[in-house]
Amino acid sequence: MSPVRRFPPHAHAIFDLTRYEFHPIHRWERYRLIPGGIQFDALTEQGDRLHVFLTFSSPEILRLRLSMGGLPRQPSPMLVTERLRRVRLEVHEERDGVLVRTGSLAVRILRAPWELRVTDIQGRLVFQEQVADRAFEDPITFPLGFAVERSTHKISTYETFVLDHEEHLYGLGERYVAFDQRGQRVLLQVREAHGTNSTTLAYKPVPFFMSTRGYGMFVHTSYPVHVDLGASSAISGVVMVEGGDLDYFLIYGPTFKEILRRYTALTGRPPLPPKWSFGVWYSRCMYKNRKEIETIVQRLRKEGLPFDVLHIDPLWLKGRKKRDFDACDFLWDEEAFPKPAEMLRQLRRQGVKVSLWENPYFPMDSPLFQDAMEKGYFLRAPDGTPARPERGVPAAVVDFTNPDAREWYKSLHRPLLAQGVAAFKTDYGEEVPQDAVSSSGMRGEELHNLYPLLYTSTVFEVSQEFSPQPVIWARSAWAGSQRFPVHWSGDAQSKWEVLGRVLASGLSLGLSGFAFWSHDIGGFYSLKDPKLYVRWAQFGLLSSHARFHGTTPREPWYFGRRTVEIVRAFSHLRYRLIPYLYSEAYRCTKAGLPLMRPLILEYQDDPAVPSISDEYLLGESLLVAPILTERDERAVYLPAGWWVDFWTGQRFEGARWTRWRGPLERIPLFIRGESIIPLGPEMQFSGERPEDPLTLEIYVTTEADFTLFDDEEGEVPMKATRDARGFRWKCGATRRTHILRIHGISSWSKLHVKGEAKVLDTGVDAGAARITVEATGTYSIVIATK
């Protein structure tokens, strides 16, 4: 007799009784202490025996693993460590369960029915398993347990937890539909998303989210993960690991910044990308030959359009012109790109670095294919032949679980890196067949999501052999991929209505542990609208990284002279901001924070910001609100504090909405009060000249500080204070000329400099005191105001 479906199928995609037989845990029988935690022997309602392992990676991080056997011991490429520090546990047996204290958390596990609750040291409830989501006797959701798929007998594991009525949820990687994930249902599986507006597909899903209740959850698996955050039941959240054991970390904050810091301590943080990578990248799908790219470079320089990188898409490859699909064997097409080493040298002399396209699918018509196949460098199909990408094109998927294959793949990059290639665009990576078999024994179902991490780490590692600060340009990702920057949004449609979804997806990825992110300026597909191009360029040039790219030309002159002027102005602004961006990026690598920060990250307690996904902080001090529609106006929310319009200098009090209107040449850009913004000189490319003099825009009424980071000088702390008596400035050791512009001070009675510096000039510019100082070490300045 088939089970009765008590609710509509669309409402209960996970807890579907016609598809699954559910085995929820009913009670635990006994427990014992194990290294770092506690093990429970539990029974399901049907009498199945399970083990639940609770261990602690730190006093703030609980790990729960559900298994029918023991704990797996193989290392995980998603983690850089499993334990951050030793935890002293206090375990108390109570009448109805067990209480475990860590110093930061209290974890109570009730015996029957099984229920786990987590509170902080003040007794505030942080997390609670859902055990009573029922309508009369009918379960709407099931408690922690496993499910057996009726048709295949595949076993999946799941956890169910309570959602508070005020709770907001963020993360899950790149999400195009909603920013706040409350009410969403999604299958986390790396896919070719065919754009940035899919409701179901994403290039960069991440099995991690954060809650405003003060916790984050990282589902540590590479199997597909079903997530339902109040879509089926408004009071319940569910994660289900399809085909694998449940293993998740519950990470206490309570702030999002603390959660991200702890999550990235487990899964890794990116190294600092090179300074030149924060310059402008130009690309096209596809530049056809050497003559074309040299002509583009000459025109960009002639137009005074600053840039650092020229990217060459697949036509650099010898066999690409005759194929109707993308694959890569790393062999130059020297007819189209003659003397590539000479070309790269000449471009470097002009301050241009070259990025090359690749993907991990090796063409079967390549002269290198047969030898690689015989050596077992490719994944295998069930019949033993090389596994093809899911689309079935005649190419073989490289097996990155095979150490020999990884080394072979690196060897294909080394000649190109030796020639002077600066970076690789690691495209694709989403198409491991579910039935593929790897040399490690891992099957495609488990490998599919892990594959982008293994692929990009291989390319990053070989790049590191040639540069202390490597960078790649990656499309697909999973948990841990943030260690190998930079990632870009993928193939966005070139439409107004898509622009906002691109931004929201990037902010969502930032709340999933990724510090650096970019997008195709102008979208990927054909673009003819100059205004859309301009608005996208303004957004892109104030993003973490900036690349113009698409199937049709993305150089500004194709969109008119006014466009050239606007893009030039914003490009110069970006290059002047590089000292600020690079310093903020450095801090991101230390704290696990994104360079582009949604307001909820900085203002978590502000009730106005939970759903704001169309403006962001670039670093700590710049608020960017891109124009995302054809109208030259928009509402902008300014959080608490005070803000200054970058263009006009007008001051605004925060915690309110304002209506911004302006010409095409501007977008809403505000400076946070109590900030120091370092600006370098204008350049045509990074490193064209020293960042000297350095202009320091100081906005202070009480206290502001900033730590400038530079490859040569390291950290240079700066601090400004102001009171009724005047202004004080302290600066760490540096050998630069500083132009201090102190906004809000237009006159003074005394100026005193102490330390290793001398004053070269003083004055007043647009209501700001200007003091030019030549520093040879640490110094301080005191100004007495009239």
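See above for the structure.
All of these numbers come straight from a predicted model, not from anything done at the bench. (Residues numbered from 1 in each chain as written. Predicted model: local features only at pLDDT ≥ 70, side-chain atom pairs only at ≥ 80, totals over all residues. Heavy atoms only, no water.)

## Things to note about the sheet that holds strand 9 (residues 125-128)
The strand order 5-6-7-8-9 describes an open sheet built from five strands, whose pairing is antiparallel. Both edges of this open sheet fall to strand 5 (90-94) and strand 9, since each of them pairs with a single strand only. Between one strand and the next, the sheet's axes are offset by a mean angle of 15 degrees, whatever the strand orientation. With three bridges connecting them, strand 8 (residues 115-120) and strand 9 associate as antiparallel partners. Counted as the bridge partner of threonine 119 is leucine 125 from strand 9. (Pairing = 2+ DSSP bridges. Helix = DSSP H or I, 4+ residues; strand = E, 2+ residues; numbered from the N terminus. Axes fitted to C-alpha atoms, helices over the stretch in contact; angles between N-to-C directions.)

## A short note on helix 9 (residues 561-591)
Along its 31 residues, helix 9 runs 42 Å from first to last C-alpha, staying within 8% of the 45 Å computed at 1.5 Å per residue. At leucine 577, helix 9 shows its largest kink, close to 50 degrees, and the proline proline 579 lies no more than four residues downstream. Of all 31 residues that make up helix 9, 23 are buried, and the element is covered over most of its length. Backbone geometry just after helix 9 places glycine 592 at a positive phi near 75 degrees. (Expected span 1.5 Å × (residues − 1). Bend = angle between axes of the 7 residues up to and from the residue. Buried < 20%, exposed > 50% of the residue type's maximum accessible area, 1.4 Å probe, protein only.)

## Description of the pairing of strand 26 (residues 423-426)
Burial along strand 26 is two-sided: Ala423 and Lys425 facing one way and Phe424 and Thr426 facing the other are all buried. In the sheet, strand 23 (residues 353-358) pairs with strand 26 via four bridges, with the strands oriented parallel. Residue pairing for strand 26: leucine 356 is matched across the bridge by phenylalanine 424. Pairing between strand 26 and strand 27 (residues 472-474): three bridges, direction parallel. By the bridge assignment for strand 27, phenylalanine 424 is matched with isoleucine 472.

## Here we look at the side chain of threonine 157
With respect to the helices and strands, threonine 157 occurs in strand 13 (residues 155-162). There is a polar contact of 2.7 Å between the side chain of threonine 157 and the backbone oxygen of glycine 244. Apart from residues lying up to four places away in sequence, threonine 157 is in contact with Leu66, Gly145, Phe146, Val239, Met240, Val241, Gly244, Asp245 and Leu246. (Polar contact = N/O pair within 3.5 Å; in protein donor to acceptor, adjacent residues only side chain to side chain. Contact = heavy atoms within 4.5 Å.)

## Brief notes about the packing of helix 5 (residues 403-419) against helix 6 (residues 444-464)
It is the contact of helix 5 with helix 6, at a shortest axis distance of 9 Å, that shows an interaxial angle of 45 degrees. In terms of their interaxial angle, helix 5 and helix 6 are classed as oblique. Every pair of crossing elements has a handedness; the one defined by helix 5 and helix 6 is right-handed. Mapping the contact onto sequence places Arg406, Tyr409, Lys410, His413, Arg414 and Leu417 in helix 5 and Leu454, Tyr455, Ser457, Thr458, Val459, Glu461, Val462 and Ser463 in helix 6. Considered class by class, the residues forming the contact of helix 5 with helix 6 number six nonpolar, four polar and four charged. (Parallel < 35°, antiparallel > 145°, perpendicular 65-115°, else oblique. Left-handed = near helix turned anticlockwise from the far one by under 90°. Nonpolar A, V, L, I, M, F, W, Y, C, P; charged D, E, K, R; others polar.)

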